[in-house]
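# Structure assessment
Here is how the chains run, residue by residue.
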Amino acid sequence: MKKWIVAFLSFCMLLGIAACGAEKTENIPMPENKSEEPAANVETTPVTEAGAEKPEDSSTNQSGSKILIAYFTWAENTQVENPEEVDVDATTSASVLLPGNTAKMAGWIQQKVGGDLFSIIVSEPYSSDYDECLDRAADEKAENARPELVNHVDNMEDYDVVFLGFPNWWYTAPMAIFSFIEEYDFSGKTVVPFCAHGTGGLAGSVTDITAALPDSTEVLEPIGVYRPDIDSAQPVINEWLEGLGFEEREADIEVENTERKLKMTVNGQEVAITLYDTPAANALYDMLPLDLNFEDFNGIEKISYLSQELPTEGEPDGCDPDVGDLCLYAPWGNLSIFYQDFRYSDSLIMLGHIDSGMDVISEMEENTSIVLEKAN
Ligand SMILES: Cc1cc2nc3c(=O)[nH]c(=O)nc-3n(C[C@H](O)[C@H](O)[C@H](O)COP(=O)(O)O)c2cc1C
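Every chain is numbered on its own, with residues counted from 1 as its sequence reads. Confidence filtering applies because this is a predicted model: local features only for residues at pLDDT of at least 70, side-chain atom pairs given and counted only at 80 or more, and all residues used for totals across whole chains, interfaces and linings. In computing side-chain values, all of the structure's heavy atoms are included and hydrogens and water are not.

Once that is clear, we can look at the packing of helix α5 (residues 175-183) against helix α6 (residues 205-212). Interaxial angles span 0 to 180 degrees and are taken between N-to-C directions of axes, which are lines fitted to C-alpha atoms, for helices over the stretch in contact. Strands are runs of DSSP state E lasting at least 2 residues, helices are runs of H or I lasting at least 4, and numbering of each runs from the N terminus. Relative to each other, α5 and α6 sit at 25°, their axes nearing to 10 Å. One way to sum up the angle between α5 and α6 is to call them roughly parallel. Judged by the twist between their axes, the crossing of α5 over α6 is right-handed. In this structure, α5 uses Ile177, Phe178 and Ile181 to contact α6, whose residues at the interface are Asp208, Ile209 and Ala212. Note on terminology: angles under 35 degrees are roughly parallel, angles over 145 are roughly antiparallel, angles of 65 to 115 are roughly perpendicular, and the others are oblique. By convention, the crossing between two helices is left-handed when the near helix turns anticlockwise from the far helix through less than a right angle, and right-handed when the turn is clockwise. Contact criterion: two residues are considered in contact whenever any of their non-hydrogen atoms come within 4.5 Å of each other.

Put into structure tokens, the structure is as follows:
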């Protein structure tokens with residue numbers, strides 16, 4: 001049985017907190033033994049208690065706020081020499097394999113609300129051995145230590161909203177979270193805690209974090225996800241974010257602010273296009289103007305091969321195009337303008353959208369020569 005569970009049980013027994021003991025112990029897993037895991041839905045919690053208040057106007061839309069998603073995860077704070085030899089299943093135990101549970105949550109938050117990801121890394125990595133990591137974490141907690149961090153947010157003053165993610169370590173957040181909090185001025189900022197945990201839930205983490213923050217920091221309702229539920233938690237996380245008013249992707253807002261307009265001239269007729277702000281779209285923008293030849297593909301899209309490759313690093317793995325989407329099909333290096341709806345495809349990269357002139361596109365004949373150029 002995990003040491004923190006043993007300690008937790010002893011603590012409850014000592015204090016004689018019957019209700020607490022009943023609530024927590026019935027769900028305690030034996031992480032080394034899969035068969036004794038509780039049902040997967042036992043403890044997935046958008047948590048509503050824990051010293052953090054939902055803002056009065058929970059529909060407040062955060063669009064326009066600059067968002068940082070800072071998180072700590074064990075997997076990014078340890079060194080694993082032979083990952084293939086690690087026999088740690090993230091559904092039954094804390095994992096040293098990337099991505100860590102908290103990192104997964106951070107990624108889904110970013111997908112929904114945009115913002116910048118920041119992984120909190122300690123100078124001295126934790127052991128990849130679970131018991132050794134537990135021991136050091138226990139010592140650090142007992143000493144109220146502030147482990148030194150290697151990386152820093154240079155422009156914290158620019159962020160209005162800081163999502164702060166952590167695993168539950170010994171009924172609170174890892175001490176590195178407190179190193180992080182104390183390094184910056186959080187006055188006037190909004191902090192949104194999220195936690196990956198075992199059967200201990202959020203325990204005292206959010207109360208401790210709230211106490212470490214200035215009074216002028218607004219701490220929104222946190223979410224805690226029980227580790228066996230992590231892989232299926234994206235919808236729950238989206239629901240939680242929507243409940244807090246985070247409905248619009250920060251990335252979308254940036255797209256609007258930085259959108260570039262293109263003009264495509266087809267037989268004297270103009271097609272207006274908005275190009276997004278992504279690595280591949282930016283590279284296309286730099287190549288303009290272009291003379292291109294379009295052909296039909298399967299009665300679904302008009303395609304044209306580019307003479308140069310567009311970079312796809314940092315782009316999503318694929319997308320589900322709608323009518324009017326301008327995409328890159330990376331393996332073939334062709335632009336695609338969809339005039340019929342199509343399914344999700346791997347390696348299809350979204351570049352932009354046709355604003356007007358879709359009829360011109362769908363009526364383009366084989367080998368139509370067009371000019372694609374900047375419109376602003
Ligand atoms: C040092 C350490 C202490 C832990 N203490 C607790 C705890 O007190 N309560 C709990 O519910 N889970 C505890 N866990 C389990 C983690 O919170 C859980 O596995 C989490 O999903 C790990 O997230 P990560 O992959 O982002 O590190 C502990 C894990 C470690 C490594």
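Let us look at the site of the ligand. Near the ligand, the surroundings consist of 23 residues, among which Thr73, Asn101, Thr102, Asn168 and Gly200 are the closest. Backbone polar atom of Trp74 to an oxygen atom of the ligand: 3.1 Å apart, as the coordinates give it. Methods summary: accessible areas were calculated by the Shrake-Rupley approach with a probe of 1.4 Å, and residue burial reflects only the protein chains presented. Bound to the protein, the ligand loses 100% of the 640 Å² it would expose on its own. If you list the elements that add at least two residues to the shell around the ligand, you get α3 (101-113), α4 (130-142) and β4 (190-197). It is α4 that contributes the most residues to the shell around the ligand, 4 residues altogether. Residues are grouped as follows: nonpolar covers Ala, Val, Leu, Ile, Met, Phe, Trp, Tyr, Cys and Pro; charged covers Asp, Glu, Lys and Arg; every other residue, Gly included, is treated as polar. Residue classes in the shell around the ligand are distributed as 12 nonpolar, 10 polar and 1 charged. Proximity is defined per residue: any heavy atom of the residue falling within 4 Å of a molecule or strand makes that residue near it. Between N or O atoms, a polar contact is any pair within 3.5 Å; within protein, one atom must be a potential hydrogen donor and the other a potential acceptor, and residues adjacent in sequence are included only when both atoms are from side chains.

Below, the discussion takes up the nonpolar core. Among the nonpolar cores identified, the biggest contains 39 residues, and Ile120 and Phe180 are the most heavily contacted of them. For this core, the leading source of residues is α5, giving 6 residues. Only buried Ala, Val, Leu, Ile, Met, Phe, Trp, Tyr and Cys residues count toward a nonpolar core, and they belong to the same one when joined by side-chain atoms within 4.5 Å. Only protein chains enter the accessibility calculation, which uses a 1.4 Å probe. A residue is then buried if its area is under 20% of the maximum for its type, exposed if over 50%, and partly exposed in between. Grouped together as the second largest cluster of nonpolar side chains are 30 residues, Leu262, Leu288, Ile337 and Ile354 included.

Let's shift gears to the environment of Ala106. For Ala106, the position within the fold is in helix α3. Spatially, the C-alpha atoms of Ala106 and Phe194 are 8.4 Å apart, while their sequence positions differ by 88 residues. In contact with Ala106, other than residues within four places in its own chain, are Ile69, Tyr71, Leu117 and Phe194.

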